[in-house]
Amino acid sequence: MARAERFPVSQTDIDAFWRDGAVMIKGVLSDAWLDVLAQGVATNMEQPTKRTVDWVNNKETGERLFHDQLTVQQNAHFERYMTGSPLGSIAAQVMGSPTALAFYVTTFVRSPGTKSRTPWHQDQTYWCAEGRQALSIWTALDSVAPGTELELVRGSHLWERPLAQPHFGDGQLGGVMEVDGVEYIPIPDFNGADAGKYEMMRWPMEPGDILIFHGMTVHGGSGALPEGVQRRSISAQFLGEDVRVTDRPSGCNPDWLPELAENGIGLGDYPACAMCPTITSEGAVL
Ligand SMILES: O=C(O)CCC(=O)C(=O)O
């Protein structure tokens, strides 16, 4: 049986995740895993998928923000990362699920000096997966200096209503989508008038550190970079055993429903299939 590396997560970190909606753990990924990730990002940029978008591509300033979303099978380096690194076992331990499904991988590559921040959002309001055992593990191949961190709103994974959804389209980043039939919380002015009302979590990070956040944790703000500094960040999405496939009133992003259907998975199903390999909390790959 194939095995993933196992990394024991402390109960303190698990408690912080469920209390705050996010936790950062230092020094999880070895240099060898960082090499695998770097190759994954380079290959992804050479061979983007049909889902790739440039959120920003300004020919005058040279500012580019490349984005893609890939199933585990779409990039051999990411497949190794998702099924061989300690992430799967970490995700299962943190979620409190016997197993974690490696759902998909997201890349964000900001060219040096890019100023475009990620809009405030909750990932899971876009996902075709509902359930409480759902998280992302974010990491960066470049140092994350103070002032450029990904920011997360403490406790927002427990909010009773979802946050309004910004656009994440080709050349269209931010604003608010018009969606009928959902009672959204309007997006607060987190960096301005509403700053004092919310407690932010942010961590400077070095390559090898990981940031784990719940699928419903509000986050954004990252990536206004100083001149000459690039940012390659990779977000790994994992699901636990309480998750079921769903559709969304806003439409799903990424919309994996067609790929899941090809794997025999429909609405209401638990999405364990070849597209979403399973890793146990002990690191066995099923
Ligand atoms: O790296 C970023 O700027 C955005 C990360 C993000 O939004 C995510 O991983 O869901």
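Our subject is the structure that appears above.
What comes next is a walk through the structure. (Residues numbered from 1 in each chain as written. Predicted model: local features only at pLDDT ≥ 70, side-chain atom pairs only at ≥ 80, totals over all residues. Heavy atoms only, no water.)

Topic: the pattern of salt bridges
Right, so step 1: Under the definition given, this model contains 13 salt bridges.
Right, so step 2: With a closest N to O distance of 2.7 Å, arginine 202 and glutamate 151 form a salt bridge. Taken as a pair, arginine 202 in strand β10 (residues 200–202) and glutamate 151 in strand β7 (residues 151–153) lie far apart in primary sequence, 51 residues in all.
Right, so step 3: The exposure class assigned to arginine 202 is partly exposed, which follows from its relative accessible area of 40%.
Right, so step 4: Here arginine 161 ties to glutamate 183 by a salt bridge, and the two come within 4.0 Å at their closest N and O atoms. Pair noted here: arginine 161 is in the loop between β7 and β8 (167–169) and glutamate 183 is in the loop between β9 (172–174) and β10, with a separation of 22 residues, a long-range link.
Right, so step 5: With a relative accessible area of 61%, glutamate 183 lands in the exposed category. (Salt bridge = Lys/Arg side-chain N within 4 Å of Asp/Glu carboxyl O. Helix = DSSP H or I, 4+ residues; strand = E, 2+ residues; numbered from the N terminus. Buried < 20%, exposed > 50% of the residue type's maximum accessible area, 1.4 Å probe, protein only.)

Digging into the sheet that holds β10
Right, so step 1: An order of β10-β7-β12 is seen for the 3 strands of this open sheet, with the pairing classed as antiparallel. For this open sheet the edge positions go to β10 and β12 (219–220), each flanked by a neighbour on one side alone.
Right, so step 2: By the bridge criterion, 2 bridges tie β7 to β12 in an arrangement that is antiparallel. When the bridges of β12 are listed, leucine 152 appears paired with histidine 219. (Pairing = 2+ DSSP bridges.)

Quick notes on the nonpolar core
Right, so step 1: Tyr81, Leu135, Ile137, Ile210, Ile212 and Phe238 are the most contacted members of the largest nonpolar core, which has 40 residues in total.
Right, so step 2: When residues in this core are grouped by element, the largest group, 6 residues, is from helix α4 (residues 87–95).
Right, so step 3: Counting residues in hydrophobic clusters, the runner-up holds 18 residues, among them Leu101, Phe103, Ala134 and Leu239. (Core = buried A, V, L, I, M, F, W, Y, C linked by side-chain atoms within 4.5 Å.)

Digging into the site of the ligand
Right, so step 1: The environment of the ligand is formed by Phe108, Arg110, Thr118, His121, Asp123, Trp138, Leu150, Phe213, His219, Ser222, Ser233 and Ser235.
Right, so step 2: The contact in question runs from an oxygen atom of the ligand to an N or O atom on the side chain of histidine 219, over 3.0 Å.
Right, so step 3: Contact between the ligand and serine 222: an oxygen atom at 2.6 Å from a side-chain N or O atom of the residue.
Right, so step 4: Protein contacts shield 97% of the accessible area of the ligand, which totals 290 Å² for the unbound molecule.
Right, so step 5: Counting residues per element, the ones that place at least two in the shell around the ligand are β4 (99–110) and β13 (231–239).
Right, so step 6: Considered class by class, the residues forming the shell around the ligand number 4 nonpolar, 6 polar and 2 charged. (Near = heavy atom within 4 Å. Polar contact = N/O pair within 3.5 Å; in protein donor to acceptor, adjacent residues only side chain to side chain. Areas by Shrake-Rupley, 256 points an atom, 1.4 Å probe, with all protein chains shown as cover. Nonpolar A, V, L, I, M, F, W, Y, C, P; charged D, E, K, R; others polar.)

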